[in-house]
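Structural overview for review
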Amino acid sequence: MDEIIFFDGAKEKVTGFFEREFENFPPLIMSHFLNKFNDIMNYNEEDDRIKPKIVFTDNVEAVSKSIPKSYALTIFTDNDASMFNLRLKSLFAIADNNWCIFIEIKENKVSYGLLMSFRSIKDRNFILSIEENATLKDKKVHCILVRALNFYSMSLHSISGNDLIVNFSLDKTKNNYYSNEIRDFVDASFSKLRTTQRKLQDMKNMYRNIFFDVMNNVHGAICVIVDKDYKDNGLFEDGVWLKEPISFSKLFAQSKSYSETKLRAFSDLFINMLNFDGITIIDNQGRIRAYNVFVEPNSKKVGFIVGGARKRAAYHILSSKRKNIIGVYFQSHEGEVFFQAMKKNDPKETKKKTTKEN
């Protein structure tokens, strides 16, 4: 007799999360949502992969007002949840380019629409604004953000600060919370930039926004961080090195005077480089140094790696232990994401070694 395995454990955890974080959440909507769970993670529109973002709330106006320069567009309002699947399907197709679906649940109606924050690229994006929102926590508003991370996992975040990651991959190594991966990568990217705290935070916000876009819209990427004084000795010679590095710091000439158009243009250029074949190289002052870089993985050093050429290249760089390489950001076509610091250049590892020696 064949053995059949169901993911009932995930169903119970998701249901329990909503029961704790959203008082009196309607059972019918919960049932519809669970039935659409796999579609949300694997939605394609004319062969384009879309990773929907959904906000469940009982007060979309309060959510919108809590995020500067945001806008809520209501498209459907029903007296019950019987149209849930059709409404969601019609919104999936247009909820791209940082638009977020909202589902507002009140006692006698269910409304569906789109949310967007029209903020500067140097400000926190909509996802971060929801995840790090302190205002809503004090207003007794129910709000749960659901977003597809990749083909096999989904993130649930409540306004009270609790998270649940549902991961259907059988590989336990594919279990990272990608917001943390991007945060660590961004911190390493500006570890040697000396500037005002305000400008530093603006640039970190911009980088986080860029890499959230990369995670959602780019099929695969490798970005290597090197030290600001890095001089290549052959590892990255097969690539395009910029005669003058692109310095985002210089684009912020003054904290109160900058060109939004120029910032977005260079951010788009950065994304195009990341989306192009090969590796993009930046340094720990946040400057773009090279793109379209290729390395030849050494199978003896790397060992057996499950994945394609991009993943083997990432582990080849990490295993090289080259001086002045800080770390590697990796993103696969399937949506796996990680940031790994080179151990010998990782401040945490250095601190451990110093403590042990003392």
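See the structure printed just above.
These remarks concern the structure in this document. (Residues numbered from 1 in each chain as written. Predicted model: local features only at pLDDT ≥ 70, side-chain atom pairs only at ≥ 80, totals over all residues. Heavy atoms only, no water.)

1. Describing the packing of aromatic side chains
Under the convention used in this document: Pairing of aromatic side chains here covers Phe, Tyr and the six-membered ring of Trp, requires ring centres within 6.5 Å, and sorts the geometry by plane angle: under 30 degrees stacked, over 60 edge-to-face, intermediate tilted.
Under the counting rule described, the total for this entry stands at 25 aromatic pairs. Linked through ring pairs, Phe185, Phe190, Tyr207, Phe211, Phe248, Phe270, Tyr329 and Phe339 together constitute an aromatic cluster.

2. Some details on empty space enclosed by the protein
If a probe the size of a water molecule is rolled over the atoms, the empty space left behind becomes visible. Our working definition: A cavity here means a set of points on a 1 Å grid, drawn over the protein atoms and nothing else, where a 1.4 Å probe fits but cannot get out; a pocket is an open set with protein on both sides within 12 Å along at least five of seven lines, and a residue lines either one if it has an atom within 4 Å of a point. Grid points are joined across faces, edges and corners, and a volume is the space filled by probe spheres set on the points. Charged residues are taken to be Asp, Glu, Lys and Arg, nonpolar residues to be Ala, Val, Leu, Ile, Met, Phe, Trp, Tyr, Cys and Pro, and polar residues to be all remaining types, Gly included.
Across all of its chains, the model carries two cavities of 30 Å³ or more by this definition. Counted as a void, the largest cavity has a volume near 70 Å³. If you trace the largest cavity, you find it lined by Arg49, Ile50, Lys51, Lys53, Ala95, Asp96, Asn97, Asn98, Asn216 and Asn217. Class assignment of the residues belonging to the lining of the largest cavity gives a composition of two nonpolar, four polar and four charged. Size it by volume and the second largest cavity reaches roughly 30 Å³. Contributing to the lining of the second largest cavity are Lys51, Lys53, Ile127, Arg147, Ala148, Phe212 and Asn216. Partitioning the lining of the second largest cavity into residue classes produces three nonpolar, one polar and three charged.

3. A closer look at helix α1 (residues 8-21)
This is how the line gets drawn: Numbered from the N terminus, helices here are DSSP runs of H or I no shorter than four residues, and strands are runs of E no shorter than two. Given the number of residues in a helix, its expected span is that number minus one, multiplied by 1.5 Å. The rule is simple: take the accessible area with a 1.4 Å probe, protein chains only, and divide by the maximum for that residue type; under 20% is buried, over 50% is exposed, in between is partly exposed. Throughout, a residue-residue contact means that at least one pair of heavy atoms, one from each residue, lies within 4.5 Å.
Along its 14 residues, α1 runs 20 Å from first to last C-alpha, staying within 8% of the 20 Å computed at 1.5 Å per residue. The complete set of buried residues in α1 reads Ala10, Val14, Gly16, Phe17, Phe18 and Glu21. Residues of α1 that are buried make contact with α2 (27-35), α3 (37-41), β3 (53-57), β7 (143-148), β8 (153-158) and β9 (163-167).

4. Quick look at the sheet that holds strand β10 (residues 221-226)
As a reminder, the rule being used: Here a strand pair is declared whenever DSSP counts at least two bridges between the two strands. In this analysis, axes come from line fits to C-alpha atoms, helices being fitted only over the stretch in contact, and the angle between any two N-to-C directions falls in the range 0 to 180 degrees.
Within the open sheet, the six strands sit side by side as β11-β13-β12-β10-β14-β15. Their pairing is mixed. In this open sheet, the two edge strands, each paired with only one partner strand, are β11 (238-247) and β15 (337-341). Strand-to-strand twist in this sheet, taken as the mean axis angle between neighbours without regard to direction, amounts to 15°. Bridge count between strand β12 (residues 279-283) and strand β13 (residues 287-294): three bridges; the pairing is antiparallel. Residue pairing across strands places isoleucine 279 opposite valine 293, the latter belonging to β13.

5. Some thoughts on the packing of helix α7 (residues 178-189) against helix α8 (residues 197-217)
Angle between the axes and distance between the axes: these two values describe a pair of packed helices. Test applied: An angle below 35 degrees is read as roughly parallel, one above 145 as roughly antiparallel, one from 65 to 115 as roughly perpendicular, and any other as oblique. A clockwise turn of the near helix away from the far one marks a right-handed crossing, whereas an anticlockwise turn of less than a right angle marks a left-handed crossing.
At a closest axis distance of 10 Å, the pairing of α7 and α8 adopts a crossing angle of 135°. The angle between α7 and α8 falls in the class oblique. Viewed along their axes, α7 and α8 form a crossing whose handedness is right-handed. Seen from α7, the contacting residues are Tyr178, Ser179, Ile182, Phe185, Val186, Asp187 and Ser189; seen from α8, they are Lys204, Tyr207, Arg208, Phe211, Phe212 and Met215.

6. As for the sheet that holds strand β4 (residues 70-78)
The strand order across the open sheet built from seven strands is β4-β6-β5-β3-β7-β8-β9, with neighbouring strands paired in mixed fashion. A single partner strand is all that each edge strand has here, and the edge strands are β4 and β9. Across the sheet, the mean angle separating the axes of adjacent strands is 20° when strand polarity is ignored.

7. Some words on a nonpolar patch on the surface
Put simply, the rule reads: Residues enter patches when they are more than 30% accessible in relative terms and free of salt bridges; like-charged ones are connected within 9 Å and nonpolar ones (Val, Leu, Ile, Met, Phe, Trp, Tyr) within 5 Å. In this description, accessible areas are obtained by the Shrake-Rupley approach with a 1.4 Å probe, and a residue is regarded as covered only by the protein chains that are shown. A carboxyl oxygen of Asp or Glu within 4 Å of a side-chain nitrogen of Lys or Arg is what we treat as a salt bridge.
There is a patch of nonpolar side chains on the surface, built from Tyr71, Leu73, Ile75, Ile94 and Phe118 and spanning about 460 Å² of accessible area. By the element assignment, tyrosine 71 lies in strand β4.

8. Section: the state of the cysteines
What counts here: We call a pair of cysteine sulfur atoms a disulfide whenever their separation is within 2.5 Å.
Considering all chains together, one arrives at zero disulfides under this definition. This cysteine, cysteine 100, is not joined by any disulfide, and cysteine 143 carries the nearest cysteine sulfur, 8.7 Å off.

9. Observations concerning unusual backbone geometry
Even without glycine at this site, lysine 69 takes up a positive phi of about 60°. By relative accessible area, which is 61% here, lysine 69 ends up exposed. The phi dihedral of asparagine 292 is positive, around 55°, even though this residue is not glycine. Along the chain, asparagine 292 falls in strand β13.

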